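Each chain, letter by letter, is given below.
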Amino acid sequence: MVKAANISVRVQREDFDVAVEQKRITNGRRDIGAVVSFVGLCRDEQGTLAALELEHYPGMAQSELQRIGQNCTRRWPIQELSIVHRFGKFVPGDNIVLVIAASPHRQAAFDAASFVMDFLKTNAPFWKRQHLTNGENGSWVSAKIEDDQAADRW
Amino acid sequence: MKLVYFAWVRERIGIDEETISLPDNVTNVSQLLTWLKDRGEGYAAALEHSDVIRVAIDQEHADAGDSIVHAREIALFPPMTGG
């Protein structure tokens, strides 16, 4: 029997270090068999994107990620779940989001990380605004229908 | 009641937040959106396609028919694009 999962959620401006975050989860543990880490980065959109700005709803961003985490750990035997989402300004290559799921077996860890990302995309109150390399600033990224479909599959 | 706005909803309305008193006949989310739309040009622009606007009551996602009578903070924002 897997004991109740520890869920850690952070919404922060600062960068994160995947190795440090993963070590925090596995350190001193002998019961974890699988760790899946997902990192979402700012991409350059074939050279057209100079920067992204991420706005968030303080308070709700934290509580909504926590809710998504709880829904996840109710479904899979997850031992540790860590979600870190950054806000502020990003250039291509920067880390934006981190999800780490630890479980005795791999499938639950893969599924849990995927589930958290799918619901984070559609339900966590963050909004991206693009700054383009041609000098155009300020267009908001539109939500994608594929993201809704990805969340619906669960 | 406090209203807070995010992303392009905030930009079109022109303010981050405001405190309002609602008329008695505005009791749910969809009535609130309809009422807000008539408050001026910025509101009309922000709420032109009010079916895409997402609403949170006291920091939890809400649906069109949900009651706002006991809400302390209502947020209006576009579909989310985090991750």
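A few points on the structure.

**Examining the overall build of chain A**
Consideration 1: A count of helical and extended segments in chain A gives four helices and eight strands.
Consideration 2: Beginning at the N terminus, the succession of helices and strands in chain A can be written as β-α-β-β-α-β-β-β-α-β-β-α.
Consideration 3: Taken over the C-alpha atoms alone, chain A extends approximately 55 × 30 × 30 Å along its principal axes.
Consideration 4: Among the 154 residues that make up chain A, the fraction classed as buried is 45%.

**Digging into the nonpolar core**
Consideration 1: Of all hydrophobic cores here, the largest spans 33 residues; its most connected members are Tyr57 of chain A together with Leu76 and Phe77 of chain B.
Consideration 2: Those elements that provide at least two residues to this core are β1 (2-5), α1 (7-13), α2 (29-37), α3 (41-46), β3 (54-57) and β5 (73-77) of chain B.
Consideration 3: Filtering out sequence-adjacent residues up to four positions away, Leu76 of chain B remains in contact with Val4, Tyr5, Phe6, Val9, Leu32, Leu33, Leu36, Leu47, Ile53, Arg54 and Val55 of chain B.
Consideration 4: Listed in part, the 30 residues of the second largest apolar core include Ile78, Ile83, Ala109 and Ala113 of chain A.

**So, the sheet that holds strand β3 (residues 49-56) of chain A**
Residues and elements named next belong to chain A.
Consideration 1: The antiparallel open sheet is built from four strands, whose spatial order is β5-β3-β7-β8. Each edge of the open sheet carries a strand with a single partner, namely β5 (88-90) and β8 (137-140). Averaged over neighbouring strand pairs, the angle between their axes works out to 30 degrees when direction is ignored.
Consideration 2: Both β3 and β5 contribute to a ladder of three bridges, which runs antiparallel. Of the residues in β5, the one forming a bridge with Glu53 is Lys89.

**Here we look at the environment of Gln79 of chain A**
Consideration 1: Its location among the elements puts Gln79 of chain A in the loop between α2 (60-75) and β4 (80-86).
Consideration 2: For the pair formed by Gln79 of chain A and Ala150 of chain A, sequence separation is 71 residues and the distance between their alpha carbons is 24 Å.

**Notes on the interface of chain A and chain B**
Consideration 1: With 28 residues of chain A in contact, the opposing surface of chain B contributes 20 residues.
Consideration 2: Summed over both sides, the interface of chain A with chain B buries roughly 1800 Å², with 54% coming from carbon and sulfur.
Consideration 3: Put simply, Glu11 of chain B and Arg129 of chain A hold a salt bridge, and the shortest N to O gap is 2.6 Å.
Consideration 4: In this assembly, chain A and chain B are joined by 16 residue pairs in polar contact (both at pLDDT 80 or more).
Consideration 5: Residue contributions to the side of chain A that touches chain B peak at five residues, all from helix α3 (residues 106-123) of chain A.
Consideration 6: Counted by class, the side of chain A that touches chain B contains 15 nonpolar, seven polar and six charged residues.

**A few points about the pattern of salt bridges**
Consideration 1: Scanning the entire structure with this criterion turns up 16 salt bridges over all chains.
Consideration 2: Each of the salt bridges in this network shares a partner with another, and the network as a whole consists of Arg10, Glu21 and Arg24 of chain A.

**Observations regarding the pairing of β3 of chain A**
Residues and elements named next belong to chain A.
Consideration 1: Burial analysis of β3 places six of its eight residues in the buried class, which makes it a mostly covered element.
Consideration 2: The sheet contact formed by β3 and strand β7 (residues 126-132) spans seven bridges and is antiparallel. Paired with Leu54 across the two strands is Lys128, which belongs to β7.

What counts, and at which threshold
- Numbering of residues starts from 1 in each chain and follows the order in which that chain's sequence is written.
- Chain letters and ligand numbers both follow the written order, the letters beginning at A and the numbers at 1.
- Predicted model: local features are reported for residues with pLDDT of at least 70 only, side-chain atom pairs are reported and counted for 80 or more only, and whole-chain, interface and lining totals are derived from all residues.
- Excluding hydrogens and water, the side-chain values take into account all heavy atoms of the structure.
- Only DSSP runs of H or I reaching four residues or more are called helices, and only runs of E reaching two or more are called strands; each is numbered from the N terminus.
- Think of it in three bands: residues with accessible area under 20% of the maximum for their type are buried, residues over 50% are exposed, and the middle band is partly exposed, with areas taken using a 1.4 Å probe on protein chains only.
- As used here, the term nonpolar core means buried Ala, Val, Leu, Ile, Met, Phe, Trp, Tyr and Cys residues forming a set that is joined through side-chain atoms within 4.5 Å.
- Contacts were defined at the residue level, with two residues in contact if any of their heavy atoms lie within 4.5 Å.
- DSSP calls a pair of strands paired once it identifies at least 2 bridges connecting them.
- Note on geometry: axes are lines fitted to C-alpha atoms, helical ones only across the stretch in contact, with angles between N-to-C directions running from 0 to 180 degrees.
- By buried area we mean how much accessible surface two parts lose on assembly, using a 1.4 Å probe and totalling the loss over both.
- The term salt bridge refers to a side-chain nitrogen of Lys or Arg lying within 4 Å of a carboxyl oxygen of Asp or Glu.
- Pairs of N or O atoms within 3.5 Å make up the polar contacts considered here, provided that, within protein, one atom can donate a hydrogen while the other can accept it, and that residues adjacent in sequence are counted only when both atoms are side-chain atoms.
- Three categories are distinguished: nonpolar for Ala, Val, Leu, Ile, Met, Phe, Trp, Tyr, Cys and Pro, charged for Asp, Glu, Lys and Arg, and polar for the others, with Gly belonging to the last.

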